[in-house]
Amino acid sequence: MIKLDAKIPQGRLKEKWTNYKENQALVSPANKRKLDIIVVGTGLAGASAAATLAELGFNVKVFCYQDSPRRAHSVAAQGGINAAKNYQNDGDSVWRLYYDTIKGGDYRSREANVYRLAEVSSNIIDQAVAQGVPFAREYGGLLANRSFGGVLVSRTFYARGQTGQQLLLGAYQALMRQVNLGKIKLYPRTEMMNIVIIDGRARGIITRNLITGEIQRHFGHAVVLATGGYGNVYYLSTNAMGSNVSAAWKAHKKGAAFANPAFVQIHPTAIPQHGEYQSKLTLMSESLRNDGRVWVPKKVEDAKAIREGRKRPEDIPDEDRDFYLERMYPAYGNLVPRDVAARAAKKVCDEGRGIENNPTHEGVFLDFKYAIERLGRKVIEERYGNLFEMYEKITGDNPYETPMKIYPAVHYTMGGLWVDYELMSTIPGLFVIGEANFSDHGANRLGASALMQGLADGYFILPYTIQNYLADQITVKPIELSHPEFEKAEKEVRDHIKHLMSINGKYSVDHFHRQLGRIMWNKVGIVRNAQGLKEAIDEIRALREEFWKNVRVPGTADGINVELEKANRVADFFELAELMAIDALHREESCGGHFREEYQTEEGEPLRRDDLFMYVAAWEYKGDGQKHEWELNKEPLVYEETPIKVRNYKVAK
Amino acid sequence: MANKTINIKLRVWRQNGPHDKGHFEEYELNNVPTAASFLEMMDLLNEKLISEGKEPVAFDHDCREGICGACSMYINGRAHGPATGVTTCQLHMRLFKDGETITVEPWRAKAFPVIKDLMVDRSALDEIIKAGGYISVNTGGAPDANTIPIPKDVASRAFDAANCIGCGACVATCKNSSAMLFVAAKVSHLALLPQGQVEAKERVKKMIAKMDELGFGSCTNTGACEVECPKGISIAFIAKLNREYLNANLMP
């Protein structure tokens, strides 16, 4: 059993980060030049960390699977980034941002980390503006803010609907500047395949060049994973096609604990699935719920008629429409938090009232008719014109005339590798930042907080905490790449690839991935129960066995081989999937994005069980590579200064 | 959504590496759902090729929601295909007719060597950014974000330029393979903002020098880039770039 030491500094909540920084060890400029750091991933967390570490003087090697670091999937974040600036004079503060985040996460995140996140949030905005990020502004020239779900203040900064893109370009440009200065060496189109551990410390990685197929060894005094989330285990998600868990998973199998894998955020407003061939789900901004009303027909026959094309949504009179969010949650209505909206959509579709003509009938309406009647078409056009256009391009429907069709989609994973206050995993020298760690969002993430966390970790936290680790590494000479541990790690990679290529079975990787996704979506999705989860575990194991017997990876390993890339990633998803189901089964409570049917109130609301489950579930890999087993380690969550409440969106408060 | 399908013929460019001559290959693909995106159609083609024991077509793609800039196909003679204001991944099959022959080629430009099939090497664009496409500030020490007010319309114009996704459609569509729209977008984005004006002159000189060095052609104002840019970046920014460049050289 590993000892989970969160290393939370002494003092009051508001003093902890200051105390930490005053007492931590630092590395002198002369010694920084002698230290090599590997950063994997170039999204907001990876790019910002790499640039900042290089500015400080470390030698940084950066890896990404994309052809350019600017394409990492942070680029797709739409809505905005939170910061406790209180520019709107509406009563915001570090404490409020902290409290909203910890409450929004349903009290399943670590007090000290979340407080620090809120503390550094302001610096991120300053930094981004200095880099030239063109945030929205008011006529007077000052920065504009807007409000987001689940909070009472306007603290979200945004750049049209492309905030992630603009922040990523800022970090990417900072990174490229360091490449130009020779402090960063960049390896695009390169995938991390394994981690190298020497004398108990992370000392390097094994990579595969996706163009030449070359397997390479890289040394680092420390390794930083910024490789994002694992939503693609569901096959369909809002993630990019290449987003994967492999780097984190390889580290997990070498000793890094994986925390709260069952905590997945399902976003309520994506365009529904339209066919078997579909490759991904497209998100429609959450802001649409400000003016759109969500409904399904009251009558099952009407829903059926709509699916079959015998009726149009416009044919259903108001009295036959069920505005179910307004009915179930009168206080918040269509603006309930993401997890609540997602569950309600599933509930009405399970009742047979789903409206989409797809195999599962999963879809509900988001209707702007009422807003257009109230405000006029022009106002709606100004607010959502570009989103409506995008929707029409994808679906061929015009949302000014007929309601949008939406359905929840897997969007973000709160779980990830366990890290302590210093963002170090249970492997010394292995740091994990951004969505890849289990982080600050507990069981549910608030809107506009992912960008905040990625950049907080990369710009303002890791560059401090990593020095506390590196301070006693200054005399360590770079380890020869011929070291037996490098040999061994590379051999594992080669054997793995050889094995996959030798199966020569009947079915494509996608064939298996789609089936895995279906199991996960149906049984480890929006709503879970013990029986379904047990079935899921059996089904995942059986399908995994079938995958290893019957997958077909064509071509060779010595060049571009997209099928091989997919096979490598899906093999890891198969193992992660089992752990997600195990974690969901063990957590006999409902909290945030994790809803267990057995644990709900009489009104159907989630029943959190603080007496039994107020802890981080950090799973330790105990398998032998063939049979997978895990041991549960618990990090109790202690709330020293935070009042603990129950989330309730039925009443305003 | 009706489950309509069409049958199509594809002429796809196949090239086994930068030194291979390359050629078109023809494929028939039946029952393509019109609700599928162009890349989902390519997935169907690849699945078919794999099942026939043939090699799948290599192409770049990632976010599939029009923002990462990875996808890059020249379809029926147009960068990102027949629709305007979209990337290849946002193009849908309902725009094509039953029985139609669709020609798919890679970006063609000296500075974008073909890696394989439809996949090209666009690292030259990163090289241009690397040469100076940034504001030289280190992390920490930035003043409060509201210290310098920026007029709303200026910030908005800077955004219009910053909107570039680096896909390279402008280069691919230009008869001179010029990267002027790409460079103009970054130079304008940063030169419009007070934060970026400090090193504006140095920046424009370095980026233009790098662009020339990498083998991109010159701009002859044909305006094709603006038409094919999936983000609608205006060639007015090229005029801005020219002013910035002249200014930097005449008044150093």
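Residues numbered from 1 in each chain as written. Chains lettered and ligands numbered in written order. Predicted model: local features only at pLDDT ≥ 70, side-chain atom pairs only at ≥ 80, totals over all residues.

**Observations regarding the overall build of chain B**
- Along the backbone of chain B there are 9 helices and 7 strands.
- Overall, chain B is about 60 × 45 × 35 Å in size when its C-alpha atoms are taken along their principal axes.
- For chain B, the residues scored as buried account for 55% of the 252 residues in total.
- For chain B, restricting intrachain contacts to residue pairs at least 6 apart in sequence, the fraction spanning at least 24 positions comes to 69%. (Helix = DSSP H or I, 4+ residues; strand = E, 2+ residues; numbered from the N terminus. Buried ≥ 20, exposed ≤ 12 C-beta atoms within 10 Å, placed from the backbone. Contact = placed C-beta atoms within 7 Å.)

**Here's the deal with the overall build of chain A**
- The helix and strand inventory of chain A stands at 18 helices and 20 strands.
- A compact globule built from 653 residues would reach a C-alpha radius of gyration of about 26 Å, and chain A, at 24 Å, matches this within 12%.
- Its C-alpha atoms give chain A principal-axis dimensions of roughly 75 × 60 × 50 Å.
- Looking at the 653 residues of chain A, the share that counts as buried comes to 60%.
- For chain A, the share of sequence-separated contacts (at least 6 apart) that also reach a separation of at least 24 residues comes to 74%. (Rg over C-alpha atoms; globule rule 2.2 N^0.38 Å.)

**A word on the packing of helix α4 (residues 94–104) of chain A against helix α5 (residues 111–131) of chain A**
All names here are of chain A.
- Remark: α4 packs on α5, axes separated minimally by 8 Å, with the N-to-C direction vectors making an angle of 135 degrees. If you check the angle between α4 and α5, you find them oblique. The chirality of how α4 crosses α5 is right-handed. In contact with Val94, Leu97, Tyr98, Thr101 and Ile102 of α4, α5 contributes Glu111, Val114, Tyr115, Leu117, Ala118, Glu119 and Ser121.
- For the contact of α4 with α5, a count of residues per class yields 8 nonpolar, 2 polar and 2 charged. (Axes fitted to C-alpha atoms, helices over the stretch in contact; angles between N-to-C directions. Parallel < 35°, antiparallel > 145°, perpendicular 65-115°, else oblique. Left-handed = near helix turned anticlockwise from the far one by under 90°. Nonpolar A, V, L, I, M, F, W, Y, C, P; charged D, E, K, R; others polar.)

**Quick look at the environment of Glu301 of chain A**
- Here Glu301 of chain A is to be found in helix α8 (residues 300–307).
- C-alpha of Glu301 of chain A to C-alpha of Tyr187 of chain A: the two residues are 114 residues apart in sequence and 57 Å apart in space.

**Describing the pairing of strand β2 (residues 59–63) of chain A**
Residues and elements named next belong to chain A.
- Where burial is concerned, most of β2 is hidden: 5 out of the 5 residues are buried.
- Burial of the side chains of β2 extends over both faces: Asn59, Lys61 and Phe63 are buried on one face and Val60 and Val62 on the other.
- The pairing of strand β1 (residues 36–40) with β2 spans 5 bridges and is parallel. In the strand pairing of β2, Ile37 is matched with Val60.
- With respect to chirality, the unit in which β1 leads through helix α3 (residues 44–56) into the neighbouring parallel β2 is right-handed.
- Here 4 bridges tie β2 to strand β6 (residues 184–187), and the two strands are oriented parallel to one another. Paired with Val60 across the two strands is Ile184, which belongs to β6. (Pairing = 2+ DSSP bridges. Right-handed = clockwise from strand over helix to strand, strands pointing away.)

**A look at the domain arrangement of chain A**
Residues and elements named next belong to chain A.
- What the domain assignment lists for chain A is domain 1 (36–265 + 412–473), domain 2 (268–408) and domain 3 (484–609).
- Tallying the contact residues gives 38 residues for domain 1 and 36 residues for domain 3.
- Going through the elements one at a time, β7 (190–198), β8 (201–209), β9 (215–219), α7 (246–253) and β12 (264–270) are the ones with two or more residues in the side of domain 1 that touches domain 3.
- Examining the composition of the side of domain 1 that touches domain 3, we find that 6 residues originate from one element, β7, more than from any other. (Domains from an automatic or database assignment.)

**What to know about the sheet that holds strand β18 (residues 430–432) of chain A**
Residues and elements named next belong to chain A.
- With parallel pairing, the 5 strands of this open sheet are ordered in space as β6-β2-β1-β10-β18. Among the strands making up the open sheet, the edge pair consists of β6 and β18. Direction aside, the axes of adjacent strands within the sheet are offset by 20 degrees on average.
- As paired strands, β1 and strand β10 (residues 222–225) are joined by 4 bridges and run parallel to one another. By the bridge assignment, Ile38 is partnered in β10 with Val223.
- Sheet strands in contact with α3 are β1, β2, β6 and β10, and its direction is about 165 degrees off that of β1.

**Focus: the domain arrangement of chain B**
All names here are of chain B.
- Domain boundaries in chain B define domain 1 (5–105) and domain 2 (123–250).
- If you average the C-alpha positions of domain 1 and of domain 2, the two centres end up 30 Å apart.
- Of the residues assigned to the side of domain 1 that touches domain 2, the class counts are 5 nonpolar, 6 polar and 1 charged.

**Re the environment of Leu283 of chain A**
- Here Leu283 of chain A shows up in the loop between β12 and β13 (293–297).
- Sequence separation of Leu283 of chain A and Lys477 of chain A is 194 residues, and the distance between their C-alpha atoms is 48 Å.

**Describing α7 of chain A**
Residue and element names in this part refer to chain A.
- In terms of burial, α7 is largely enclosed, as 7 of its 8 residues are buried.
- Residues of α7 that are buried: Ser246, Ala247, Ala248, Trp249, Lys250, Ala251 and His252.
- Gly255 occupies a position one or two residues after α7 and carries a positive phi of about 125 degrees.

**Structural notes on the sheet that holds β7 of chain A**
Residues and elements named next belong to chain A.
- Ordered in space as β7-β8-β9, the 3 strands form an open sheet in which the pairing is antiparallel. Both edges of this open sheet fall to β7 and β9, since each of them pairs with a single strand only. Strand-to-strand twist across the sheet, computed as the mean angle between neighbouring axes with direction ignored, equals 25 degrees.
- Summarising the sheet, β8 and β9 pair through 5 bridges and their orientation is antiparallel. Looking across to β9, one finds that Thr207 is bridged to Gln216.

**A look at the interface of chain B and chain A**
- Between chain B and chain A, the contact holds 60 residues from the first and 61 residues from the second.
- Only α1 (38–51), β6 (114–116), α2 (123–132), α3 (152–162), α5 (180–192) and α6 (194–197) of chain B provide two or more residues apiece to the side of chain B that touches chain A.
- In terms of residue count, the dominant contributor to the side of chain B that touches chain A is α1 of chain B (6 residues).
- Here the side of chain B that touches chain A is built from residues that sort into 32 nonpolar, 13 polar and 15 charged.

**Concerning α5 of chain B**
- Here α5 of chain B is 13 residues long and its end C-alpha atoms lie 17 Å apart, about the 18 Å a rise of 1.5 Å per residue gives.
- With 13 of 13 residues buried, α5 of chain B is to be regarded as a mostly interior element. (Expected span 1.5 Å × (residues − 1).)

**Some points on the environment of Glu389 of chain A**
- Locating Glu389 of chain A in the fold gives a position in helix α12 (residues 377–395).
- The partly exposed category is assigned to Glu389 of chain A, around which 15 C-beta atoms lie within 10 Å.

**Observations regarding unusual backbone geometry**
- In the Ramachandran plot, Tyr235 of chain A falls in the positive-phi region, its phi being about 65 degrees despite a non-glycine side chain.
- Mapped onto the elements of the fold, Tyr235 of chain A is located in the loop between β10 and α7.
- Phi is positive for Arg64 of chain B, which is not a glycine, with a value near 55 degrees.
- Take Arg64 of chain B: it is sitting in the loop between α1 and β3 (74–75).

**Quick look at the confidence of the model for chain B**
- Averaged over every residue, the pLDDT of chain B is 96; residues scoring 70 or more account for 99%.
- Interface confidence for the predicted complex, given as ipTM, is 0.98, next to a pTM of 0.97. (pLDDT = per-residue confidence, 0-100.)

**Some thoughts on the pairing of β12 of chain A**
Residues and elements named next belong to chain A.
- For β12, the buried fraction is high: 7 of the 7 residues fall into the buried class.
- One ladder, built from 5 bridges, connects β12 with strand β16 (residues 404–413); its direction is antiparallel. Its bridge partner being in β16, His267 is matched across the sheet by Ala409.

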